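# Descriptive analysis of the structure
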Amino acid sequence: MLSRTTSRVALAAVSALIVGGGLAIPAVARAAANIGPRQYFVGEIFNTSSAAADATILVVCPSGALTGHPAGGQSVAVHEVVPPPATLGYTGNYGVKVDVSLIFTVGGVTTVDSIATLSQYDVRAPISTGITVPCSGSGVMSYTPLPNPDNSGKSSAIGVAFKGVAP
């Protein structure tokens, strides 16, 4: 009888560790799941989440240039978060996608570049090397749930620092 009880306690403890440690599993180990209504999410830029500090986007800039193009190999993604934190994104009553946009201002002109529209969690979308961004400065990567007709969804954002690198 003692061994059966011990086995049940051990099984419960392992189950709790697996469930409780779900957020610690690296994004590459998670299976993609469809985005759906009433889910909480965190945005990611090249392995930096909106729950962490600002992310850096590397920009290929010739010497003396003020603008350039994002270096290849950088990406964005969203990850479902359970339990729900108060400061992160929420898909609302109808959200089944997350629109990712890069927003920055240069010389008083604000630019909004669409990066991707994601319909699954844990799937990376590349940041296009064809867009033009500043070689230095800052911006915001915005993660907006779609559709959001009743405004029940909540966007998430990551501060972005642009860092010029030589071609």
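Conventions used here
- Residues numbered from 1 in each chain as written.
- Predicted model: local features only at pLDDT ≥ 70, side-chain atom pairs only at ≥ 80, totals over all residues.
- Heavy atoms only, no water.
- Disulfide = S-S within 2.5 Å.
- Helix = DSSP H or I, 4+ residues; strand = E, 2+ residues; numbered from the N terminus.
- Buried < 20%, exposed > 50% of the residue type's maximum accessible area, 1.4 Å probe, protein only.
- Pairing = 2+ DSSP bridges.

### Comments concerning the state of the cysteines
Under the counting rule described, the total for this entry stands at one disulfide. Residue C61 pairs covalently with C135 via a disulfide, S to S 2.0 Å. Residues C61 and C135 share a disulfide whose torsion about the S-S bond is about -110°; that sign makes it left-handed. Of the two residues, C61 is situated in the loop between β4 (55-60) and β5 (67-70) and C135 in the loop between β12 (133-134) and β13 (136-146); the sequence distance between them amounts to 74 residues. For the pair formed by C61 and C135, the shared burial category is buried.

### Considerations on the pairing of strand β9 (residues 109-118)
Where strand β8 (residues 97-106) meets β9, nine bridges bridge the pair, whose relative direction is antiparallel. Along β9, the bridge assignment pairs I103 with V112. As consecutive antiparallel partners, β8 and β9 are separated by two residues, and within that stretch G107 has a phi angle of approximately 55°, a positive value.

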